[in-house]
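What follows is each chain in one-letter form.
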Amino acid sequence: MAKYKLSDLTLDEKLHLLSGKDNWSLSDAGGKLPSVFLADGPHGMRIYNKDGSVRPATAMPTLSAIGSTFNRRLAYLSGNTIADECIEEGAGVLLAPGVNTRRSPLNGRNFEYFSEDPFLSGELGASFIEGVQEKGIGTSLKHYCANLREYDRFYQGADIDERALREIYLEAFRGALRSKPWTVMCSFTPINGIYASENRYLLKDILRDEFGFDGVVISDWGAVHNIYKSVKAGLDLTMPYHPDNYKNLKDAYDRGLLRDEEIDFCVQNLLTLCERTENDKKVITTKKEERHENAVAIAKEAAVLLKNEDRILPLTSGRVLISGSFIRRPPTGGGGSSFVETPYVQRPLDALLNEKGGATYEMPIGQPLDSSGRMPIGLRNLYSAAYGKDAVVLCVGEDNKIEGEGFDRTSIRLNPQTEQMILDVARINPNVVVLLYAGSAIDMSAWIDKVKAVLFVGYLGEGVNEALASILSGEVSPSGKLTESFPLCLEDNCAGRELGNGYTEAFREGIFVGYRYYDKFEKEVLFPFGHGLSYAELVYSNLRVEKQSETEYTVTYDIENRSDFDAMEASQVYVSDVFSMVERPPKELKGFSKDLIPAHGKKTVSVTLTPRAFAYYNTSLHAWHIENGIFKIMVGASSRDIRLAADIEINLPDETQYSVYFSH
Ligand code: GLC
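Residues numbered from 1 in each chain as written. Predicted model: local features only at pLDDT ≥ 70, side-chain atom pairs only at ≥ 80, totals over all residues. Heavy atoms only, no water.

## Here's the deal with the overall build of the protein chain
No. 1: For the protein chain, the count of helices and strands is 16 helices and 26 strands.
No. 2: Compactness check: the protein chain gives a C-alpha radius of gyration of 25 Å against a globular reference of 26 Å for 664 residues, within 12% of the reference.
No. 3: Projected onto the principal axes, the alpha-carbon positions of the protein chain cover approximately 80 × 80 × 50 Å.
No. 4: Considering only intrachain contacts with a sequence separation of at least 6, the fraction spanning at least 24 residues in the protein chain is 77%. (Helix = DSSP H or I, 4+ residues; strand = E, 2+ residues; numbered from the N terminus. Rg over C-alpha atoms; globule rule 2.2 N^0.38 Å. Contact = heavy atoms within 4.5 Å.)

## Comments concerning the site of the ligand
No. 1: Near the ligand, the surroundings consist of 13 residues, among which Asp-40, Arg-109, Lys-142, His-143 and Asp-220 are the closest.
No. 2: At 2.8 Å, a side-chain N or O of Arg-109 approaches an oxygen atom of the ligand.
No. 3: Here an oxygen atom of the ligand sits 3.2 Å away from a polar atom, N or O, in the side chain of Glu-405.
No. 4: Among the residues forming the shell around the ligand, the class breakdown is five nonpolar, two polar and six charged. (Near = heavy atom within 4 Å. Polar contact = N/O pair within 3.5 Å; in protein donor to acceptor, adjacent residues only side chain to side chain. Nonpolar A, V, L, I, M, F, W, Y, C, P; charged D, E, K, R; others polar.)

## Looking at the sheet that holds strand β20 (residues 567–577)
No. 1: Read across the sheet, four strands follow the order β21-β20-β25-β26 without closing on themselves; strand pairing throughout is antiparallel. Looking along the sheet, the strands with just one partner apiece sit at the ends: β21 (588–597) and β26 (641–650). Ignoring which end each strand starts from, the neighbouring axes of this sheet average 20° apart.
No. 2: Looking at chain direction, strand β25 (residues 629–638) and β26 are connected through nine bridges and run antiparallel. (Pairing = 2+ DSSP bridges. Axes fitted to C-alpha atoms, helices over the stretch in contact; angles between N-to-C directions.)

## Comments concerning helix α9 (residues 243–254)
No. 1: Relative to the 16 Å expected for twelve residues at 1.5 Å per residue, α9 spans 18 Å between its end C-alpha atoms, a close match to the ideal helical length.
No. 2: Those residues of α9 that fall on the buried side of the exposure criterion are Asn-245, Leu-249 and Ala-252. One face of α9 carries all of its buried residues, which in axial projection span an arc of 65°. Of the exposed residues in α9, the ones pointing more than 90 degrees away from its buried face are Pro-243 and Asp-254.
No. 3: In this fold, the buried residues of α9 make contact with α1 (11–17) and α8 (227–233).
No. 4: Immediately downstream of α9, the backbone of Gly-256 shows phi near 75°, a positive value. (Expected span 1.5 Å × (residues − 1). Buried < 20%, exposed > 50% of the residue type's maximum accessible area, 1.4 Å probe, protein only. Arc of directions from axis to C-beta.)

## Focus: the nonpolar core
No. 1: Counting 111 residues, the largest nonpolar core has Leu-18, Leu-38, Met-45, Tyr-144, Cys-145 and Tyr-169 as its most contacted members.
No. 2: Leave out the neighbours within four places in its chain, and Leu-18 touches Ile-227, Val-231, Asp-236, Leu-237, Thr-238, Leu-249, Ile-263, Cys-266, Val-267 and Leu-270.
No. 3: Counting residues in each nonpolar core, the second largest holds 34 residues, with Leu-315, Val-393, Leu-435 and Ala-467 among its members. (Core = buried A, V, L, I, M, F, W, Y, C linked by side-chain atoms within 4.5 Å.)

## Topic: the pattern of salt bridges
No. 1: Inspection of every chain in the model, using the stated rule, returns 57 salt bridges.
No. 2: One salt bridge in this structure joins Glu-355 and Arg-347, with 2.3 Å as the shortest N-O distance.
No. 3: Taking the relative accessible area as the measure of exposure, Glu-355 reaches 53% and is therefore exposed.
No. 4: Beyond isolated ion pairs, a larger network of salt bridges with shared partners links Arg-109, Glu-112, Glu-150, Arg-153 and Glu-405. (Salt bridge = Lys/Arg side-chain N within 4 Å of Asp/Glu carboxyl O.)

## Some remarks on helix α12 (residues 349–356)
No. 1: Among all positions in α12, only Leu-349, Asp-350, Leu-352 and Leu-353 are buried. The arc that holds every buried residue of α12, seen down its axis, measures 160°, which confines them to one face.
No. 2: In this structure, the buried side of α12 is in contact with β10 (319–323), β11 (360–362), β12 (391–397), β13 (432–437) and α15 (464–473).
No. 3: Positive phi shows up at Gly-357, right after α12, with a value of about 80°.

## Some remarks on the sheet that holds β10
No. 1: With mixed pairing, the six strands of this open sheet are ordered in space as β9-β14-β13-β12-β10-β11. Either end of the sheet is taken by a strand with one partner, and the two such strands are β9 (304–308) and β11. Along the sheet, successive strands turn relative to each other by an average axial angle of 20°, direction set aside.
No. 2: Where β10 and β11 come together, three bridges link them in parallel fashion. Its bridge partner lying in β11, Arg-319 is registered against Thr-360.
No. 3: Contacting β12 and β13, helix α14 (residues 416–428) crosses the sheet at an angle of about 175° to β12.

## Side note on the packing of aromatic side chains
No. 1: The final tally for this structure, using the stated rule, is 21 aromatic pairs.
No. 2: Note on Tyr-517 and Tyr-518: the rings are 5.6 Å apart at their centroids and 80° apart in plane angle, and the pair reads as edge-to-face.
No. 3: Residue Tyr-517 is classed as buried on the basis of its relative accessible area, which comes to 13%.
No. 4: Their ring planes at 80° and their centres at 5.2 Å tell us that Phe-614 and Phe-631 sit as a pair that is edge-to-face. Remark: Phe-631 occurs in strand β25 and Phe-614 occurs in the loop between β22 (602–609) and β23 (616–618); sequence separation between them is 17 residues.
No. 5: Taking relative accessible area as the criterion, Phe-614 reaches 0% and is therefore assigned buried.
No. 6: Exposure remark for Phe-631: the relative accessible area of 0% places this residue in the buried category.
No. 7: Taken together, Phe-70, Phe-119, Tyr-515, Phe-529, Tyr-574 and Phe-592 form an aromatic cluster joined through their ring pairs.
No. 8: When the ring centre of Phe-507 is taken as origin, the NZ or CZ atom of Arg-103, which lies over that ring, is 3.7 Å away. (Phe/Tyr/Trp six-rings, centres within 6.5 Å; stacked < 30°, edge-to-face > 60°. Lys NZ or Arg CZ within 6 Å of the ring centre and 35° of its normal.)

As structure tokens, then:
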């Protein structure tokens, strides 16, 4: 029996409900309803106090880092952990996760998104949502959709063909929606000429009628340009409060532009949300220190070992010089509404490393370079100290001054001073290990051949230094894998230096985004999607593909660990439609598994391929379609390190197929 009913509300109360009461809360119809409190963000709570300060909270790894874990359980764990702080702070909905596609490495918010691949983003987004909502806290799947740049984000549109919209930019949302987020947040972006906030095709025809979404559609903050048109298009809640919101709605209603049933449709969704937020699942199960440990555990599986020449890592002996401002003040996340003010006091990385024993670490005197390349103090101290050491660890990269909401990067290279410093140190000492902090791809072409190892740190939250100490010392083998292709240079990326024309940006590459693009056009990359090294030697074998039905298969394979290291491994299953009546990517990720392979042990991994693994969106049928024919199933350690493969043939009944006439 519904507790909150439309019939209990006056028209004025309904119109006020259609926009926020303030920056963060829903209206409460004069006390008839609970005033639901919305709070950022995907990496931990970000709640403002009345004085404008931000309340302290646990800084979890960013979604891009969670993406690199390829681990559904850790996505769930992060959401579950943040939910405890939502309960403590009285938030009813967490404004997360974001599942937008990492199309251009310039995008300032790539660190807030899981991947360039919609299947991976959808899977991890679904797990994150489950983790939060299992605790009776709602989520907001965002930013629906195609919010792929921060550059001119409020106004510049995206011109996207139907297959790309369906197979890439909507697909991550469709996948994540299986976890039934209580809300979806629409983006700022005009999609094919119509703002997302008033795009009925997206908000109703697709999101509700096709995808089955039954929650509340919230606008991004400031994304509504005409509130009554947004209500008519199915946008339930305009955020934040603005004094004109009610007036404009009332005017439209009085002029007959907005009908009662349109208002009631949106208000009913808001009443449902109010009911959902009043539940008995809000039980805090973690203490502060446990939340920190969860952040560390996720971080340990997120760092990506890109290069490890001569197996220089782990560093288990010798004298090591370590340098960089991030040793004491590591970036935990990127800038903007997802940034978490953690009270956690970082222990310096060198101190943590020295506690591990084995190698001994020391820092040069003087002020090292920081992310912006501001001139250091006494580089020569670094250079003279580097001479003769067994190894040099350089902590370099970006931070929330360079990557964040509201602005894009202008380059994917490190600043010139940092590149020069890496080259100078490498001339002095042949054993350079780079710890690279960033939320998106970095062009390392200027220096990658001069260093022995690169560990891509990403933004690992407050547990970053403990995680790095475990990995560098060999206590834990790295197991992160890239969820974004690293191109040899920005120009090689499908978006390149394109910035749009102020009105819109045409996504001319269509479905060929990320590894789909580099594979299709046979471009070399610096590091491919899915790449990440381990300390262990992992051997894949014994592939079996078992047919469960004409379009459902179980892919089983063995992974053997021929090393002394216990290792987690993210194995990936790709599918290719060998002969197709439309252009399709050479391979697409359609399954993955993260498994512990004990030292000298073996694990049998099993991944299920559902019909979605074979289908593409047919724009003549305006529906997903599976063609009969041969499909190649590939199992890889990365998208370009395919270890096992097998063909299957799909033969669906003739009535599901469309004739292909051959000239005789
Ligand atoms: C911002 C962001 C969104 C965030 C919201 C509230 O504009 O785009 O991700 O949740 O506003 O801060």
